[in-house]
Amino acid sequence: MSENFYDVLGVSRDASEEEIKKAYRKQAAEHHPDVSDDDDAEERFKKIQKAKEVLTDEQKRQQYDQLGHDRFTEADKRGATGGGGPGGAGGPFGGAGGAGSAGGFEDIFNQFFGGGGGRGGRGGGGGNRPRQGQDLRTGLTIDLEEAFKGATKEVTLTRPSECDTCGGAGHPPDADVETCPQCNGRGQVQQVQQTPLGRVQQTSTCPRCEGEGELYSEDCADCGGDGVVREEATLSVEIPPGIRSGQSLRMEREGAPGENGGPKGDLLIEVDVEVGDRYERDGDDLRVNEAVSFPQAVFGDTIEVETVDGSVEMDVPAGTQSGETFRLEGKGMPRLRRRGRGDLYVQVGVVIPESLNEEQREALEAFAEAGGEDVDVGGGFFEKLKSSF
C-alpha cells in the first residue's frame, strides 16, 4: 500500500490546517534537496510538497479522504494527462518550472516564512485578481524596564521583496511571449473527476503558466523567475508600556509582497519580556521578596523597597511573621493602553542571624526565660533586646 499524505507529513487524519502547515515546514526543512544528503531527497521533497498541497486545500482534502490515497492519486494522474495537472510539461521555450517543481523561492519562502510565494505572486487558485501578501512573523526580546517605560527598538529580519529588476513579473521586459496553449490564455484549467458521488468538475490555476495565461522565453536572472528576492530589512518598532510576553505587535504593510498588484502583508512581532531574577510578574502585578532582620520583624520598622521605577518606603508592623505579604497599590506594571498600574506584592522573609555576640545572646536568653511574654526583665528589657542587634 502506498504511503498516504498524512504519513508523509507525520500528522493524524484529524489534524488542523495549521498543524499540517507546521508539519510541512518541519519536513521541508529536513528533506529539502539543498540541505539533505539522501539520494532520494528530491523525490521525498516532492511527496512532501504534494501532501501539503492536497491537505491544505479543503476541497482536495475532502476528495482525498473519500477516495483514498491510491484512487485519488490515480485520478490526479488522469487529470494531468492532457488536462494539465500538477507537474505538467514545460512551455515551448524549454520549460517554465511549474509550481510543483522542487527547489525555487517558493520552497524557501514556505520553509522560513510559512507562506506560499509563487512566481511573481502568481498561482494559488486565485486567477489574476489582486491578493494581499502573506503576513510574516519574527520575535523581539526586551527587559522588564523597557516593558515598564516603553521603548523604541530595532528588529532585523530577512524577508521576501519584489524583484526590482523585473518589477515582480518574473521575466525580462523584452522576453518573447506567447499565449499558454494549455489554458488558451485564461490562466485556469478545468478537471473532471469521477467520484463515488458522481462527476466533479474542479477549476484550478493553470500549472503550465501559473495563472499568467502567457509563457515567456526566459526568466529574470536576478530572481530566477519568482518575481521576488530575499532582502535584509531593519525596522524601528515602538514598544508600548505594559506589554507582556507572548503579545504581538503588528506593523502594517511590512510583510511579503502582494500578488498581482495586491498590497503587502503585515509583520507580526511577538514580544518576550525577560523579567529577571528579582521580580515575578502576574499580569500587571509584580511580586518581590524582601528580607527584614529579626529586630525589624519583632519591633516593626520602615524599610525601603526597590521598585521598577525607584525605591519606596514600606511600613513593617511589629510582630510581622516571616512569609507575610504586603500590597503596595499602584506600584506594579502599567496597564497596556489603559490608565493606571497594577500592584506590587512584597513578601517579607525574616533573616535569623547565624551568629550572636554575648550581649545579643544574653538578651535572647532572657526573652526565652520570660516565655516571650510582655514583661520587664531587669528594667527596659525590650529596649535592651532591640539595641543589642
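Residues numbered from 1 in each chain as written. Predicted model: local features only at pLDDT ≥ 70, side-chain atom pairs only at ≥ 80, totals over all residues. Heavy atoms only, no water.

Under the convention used in this document: UniProt positions are given in the numbering used here, feature names are shortened, and annotations may be inferred rather than shown by experiment.
As named in an unreviewed UniProt entry, the chain is Chaperone protein DnaJ, taken from Halorubrum kocurii JCM 14978. Its UniProt record gives the chain the following Subcellular location (unreviewed entry) comment, quoted word for word: "Cytoplasm". Looking at the chain in UniProt, the text filed under Sequence similarities (unreviewed entry) is "Belongs to the DnaJ family."

Side note on the sheet that holds strand E8 (residues 248–251)
Inclusion rule: For two strands to pair, DSSP has to find at least two bridges joining them. Elements are defined by DSSP. Helices are runs of H or I of four residues or more, strands are runs of E of two residues or more, and each kind is numbered from the N terminus. Lines are fitted to the C-alpha atoms to define the axes, a helix being fitted only along its stretch in contact, and any angle between axes, read from their N-to-C directions, falls within 0 to 180 degrees.
Read across the open sheet, the three strands follow the order E1-E9-E8; overall the sheet is mixed. The sheet terminates laterally at strand E1 (136–143) and E8, the two strands that pair on one side only. The mean inter-strand angle of the sheet, taken between neighbouring strand axes irrespective of direction, is 30°.

Concerning the environment of Gly-224
Here Gly-224 shows up in the loop between strand E6 (214–216) and strand E7 (228–239). In this structure the C-alpha to C-alpha distance between Gly-224 and His-171, which are 53 residues apart in sequence, comes to 8.3 Å.

Side note on the sheet that holds strand E11 (residues 285–293)
If you trace the four strands from one edge of the open sheet to the other, you get E10-E11-E15-E14, paired in mixed fashion. The open sheet is flanked by strand E10 (279–282) and strand E14 (325–328), the only strands paired with a single partner. With direction set aside, neighbouring strand axes in the sheet form an average angle of 30°. Looking at chain direction, E10 and E11 are connected through four bridges and run antiparallel. Its bridge partner lying in E11, Arg-281 is registered against Leu-286.

Re the packing of aromatic side chains
The test is simple: In this scheme Phe, Tyr and Trp rings, the latter by its six-membered ring, pair at centre separations within 6.5 Å, and the angle between planes marks the pair as stacked below 30 degrees, edge-to-face above 60, and tilted otherwise. Exposure is judged per residue with a 1.4 Å probe applied to protein chains only, and the accessible area is read against the type maximum: over 50% gives exposed, under 20% gives buried, and values in between give partly exposed.
In the structure shown here, the tally under the stated rule is three aromatic pairs. Seen from their ring centres, Phe-5 and Tyr-64 are 4.8 Å apart, and the 20° between their planes marks the pair as stacked. Note that Phe-5 is positioned in helix H1 (residues 5–9) and Tyr-64 in helix H4 (residues 58–67), a separation of 59 residues in sequence. Like Tyr-64, Phe-5 is buried. Here the aromatic rings of Tyr-64 and Phe-72 are separated by 5.4 Å at their centres, their planes lie at 85°, and the arrangement is edge-to-face.

Comments concerning helix H3 (residues 41–55)
Rule in force here: The span you would expect from a helix comes to 1.5 Å times its residue count less one.
Between its terminal C-alpha atoms H3 stretches 21 Å, which fits the 21 Å expected from 15 residues at 1.5 Å a residue. The set of residues buried in H3 consists of Ala-41, Arg-44, Phe-45, Ile-48, Gln-49, Lys-50, Ala-51, Lys-52, Val-54 and Leu-55.

Side note on the nonpolar core
Inclusion rule: Definition of nonpolar core: a set of buried residues of the types Ala, Val, Leu, Ile, Met, Phe, Trp, Tyr and Cys, connected through side-chain atoms within 4.5 Å. For the domains described, the bounds stem from an automatic or database domain assignment.
Counting residues in each nonpolar core, the largest one holds 36 residues, and the members touching the most others are Ile-142, Val-237, Ile-243, Ile-269, Met-314 and Leu-344. Considering each element in turn, this core owes the most residues, four residues, to strand E9 (residues 267–274). In this structure, this core is formed jointly by two domains, domain 2 (130–163 + 228–274) and domain 3 (277–388), each of which donates at least three residues. Formed by 18 residues, the second largest nonpolar core is a distinct cluster that contains Ala-15, Ala-28, Ile-48 and Tyr-64.

Comments concerning empty space enclosed by the protein
As a reminder of what qualifies: Any residue with an atom within 4 Å of a point lines the site, the site being either a cavity, points on a 1 Å grid over the protein atoms alone where a 1.4 Å probe fits but cannot get out, or a pocket, an open set with protein on both sides within 12 Å along at least 5 of 7 lines. Grid points are joined across faces, edges and corners, and a volume is the space filled by probe spheres set on the points. Here the term charged refers only to Asp, Glu, Lys and Arg, the term nonpolar to Ala, Val, Leu, Ile, Met, Phe, Trp, Tyr, Cys and Pro, and the term polar to all other amino acids, Gly among them.
Applying the stated criterion to the full structure yields one cavity of 30 Å³ or more. Estimated volume of the largest cavity: approximately 40 Å³. Arg-159, Pro-160, Ser-161, Glu-231, Gly-255, Pro-257 and Lys-264 are the residues that line the largest cavity. Broken down by element, the lining of the largest cavity gets its largest block of residues, three residues, from strand E2 (residues 151–162). Considered class by class, the residues forming the lining of the largest cavity number two nonpolar, two polar and three charged.

What about the pairing of strand E4 (residues 188–195)?
In regular strands, side chains alternate between the two faces of the sheet. By the alternation rule, side chains of E4 split into Val-189, Gln-191, Gln-193 and Thr-195, which are all buried, and Gln-188, Gln-190, Val-192 and Gln-194, of which none is buried. Between the antiparallel neighbours E4 and strand E5 (residues 198–205) lie two residues.

Remarks on a negative patch on the surface
To keep things clear, this is the line we draw: Like charges are joined within 9 Å and nonpolar side chains (Val, Leu, Ile, Met, Phe, Trp, Tyr) within 5 Å, but only among residues with over 30% relative accessible area and no salt bridge; these make up the patches. Accessible surface area values rest on a Shrake-Rupley calculation with a 1.4 Å probe, where residue burial reflects the displayed protein chains alone. A pair is scored as a salt bridge if a Lys or Arg side-chain nitrogen falls within 4 Å of a carboxyl oxygen belonging to Asp or Glu. For the charge count, each Lys or Arg is scored as positive and each Asp or Glu as negative, with His and the chain ends excluded. Note that the charge is assigned to NZ on lysines, CZ on arginines, CG on aspartates and CD on glutamates.
Where like charges cluster on the molecular surface, the negative patch consists of Glu-30, Asp-38, Asp-39, Asp-40, Glu-42 and Glu-43. Structurally, Glu-43 is set in helix H3. Under the relative-accessibility criterion, Glu-43 is labelled partly exposed at 48%.

Details of the pattern of salt bridges
Close approach of charged atoms allows side chains of opposite charge to pair. What the rule picks out here adds up to 19 salt bridges. The salt bridge partner of Arg-13 is Asp-65, with a shortest N-O separation of 3.8 Å. One end of the pair, Arg-13, is in the loop between H1 and helix H2 (17–31); the other, Asp-65, is in helix H4, with 52 residues separating them in the sequence. Using a relative accessible area of 42% as the deciding quantity, one classes Asp-65 as partly exposed. Here Glu-259 and Arg-131 are joined by a salt bridge, their closest N and O atoms 3.3 Å apart.

As for the confidence of the model for the chain
Formally: Confidence of the predictor in every single residue is expressed as pLDDT, which spans 0 to 100. The contact rule is simple, with two residues in contact once any of their heavy atoms fall within 4.5 Å.
Per-residue confidence for the chain gives a mean pLDDT of 80; residues scoring 70 or more make up 80%. Across the chain, element-level confidence peaks in E14 with a mean pLDDT of 98 and bottoms out in helix H6 (residues 104–113) with 37. Between residues 81–126, whose pLDDT stays under 50, and residues either more than four places distant or in other chains, the model counts 120 contacts. Scored below 50 in pLDDT, residues 374–381 shows nine contacts in the model against residues more than four places distant or in partner chains.

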